[in-house]
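# Breakdown of the fold
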Amino acid sequence: MRISSVLPVVLSLCFLSGAAMAADTTAKEPTKAQTAQRDKMSSCNKEATDKDLKGDERKTFMSNCLKAKPAESEKKMTAQQQKMADCNKEAGDKALKGDDRKAFMSSCLKGKADTAEKAITPQQQKMADCNKEAGDKALKGDDRKTFMNTCLKKAA
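The present account deals with the structure reproduced in this document.

About the cut-offs
Residues numbered from 1 in each chain as written. Predicted model: local features only at pLDDT ≥ 70, side-chain atom pairs only at ≥ 80, totals over all residues. Heavy atoms only, no water. Disulfide = S-S within 2.5 Å. Helix = DSSP H or I, 4+ residues; strand = E, 2+ residues; numbered from the N terminus. Buried < 20%, exposed > 50% of the residue type's maximum accessible area, 1.4 Å probe, protein only.

### Here's the deal with the state of the cysteines
Under the criterion given, the structure shown has three disulfides. Each sulfur of the disulfide joining C44 and C65 lies 1.9 Å from the other. Residues C44 and C65 share a disulfide whose torsion about the S-S bond is about -80°; that sign makes it left-handed. A residue pair is termed long-range when its members are at least 10 positions apart, and C44 in helix α2 (residues 32–50) and C65 in helix α3 (residues 55–67) qualify at 21 residues. On the basis of relative accessibility, which here comes to 1%, the residue C44 falls in the buried class.

### Describing unusual backbone geometry
Most peptide bonds take the trans configuration, and most residues that are not glycine carry a negative phi. With a phi close to 55°, A95 is a non-glycine residue in the positive phi region. You can see A95 is positioned in the loop between α4 (79–93) and α5 (98–110). On the basis of relative accessible area, A95 is assigned to the exposed category, the value being 55%. With a phi angle near 55°, A138 is a residue other than glycine that sits in the positive phi range. Looking at the secondary structure, you find A138 in the loop between α6 (122–136) and α7 (141–154). On the basis of relative accessible area, A138 is assigned to the exposed category, the value being 55%.

Shape descriptors only; they carry no functional weight alone.
Given below as structure tokens:
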């Protein structure tokens, strides 16, 4: 008895909720980016058709065309970006790697003179010479420490 009285209520609720859901499916306006992409797709497609491209040639053309940025939307680099590009190019031209590159980039971006061009101190030169000699002798561990200690002391 209860099922027969509850069934019409459940069916009417289902009908009303379905109508409410259907009312919410209004079409949304495309965003500016979507509209721009659609226009770009249309113009690339028209251009490919005008060139009578087919198959892989058409796919390649469409891919390149859609990746290309329109000329009017090209952004200019900020001063910092330009400075970074210039310093990066200069470091590449000098074939700098690792810590030398990092030090150069840091000083270049700060606008200071190239750190590689600065004269090294006598202590730094002594350390470099002893380090090279230890490397030539293939010393490692405690033997290297002992050698470096004596080398640095005798040169003083």
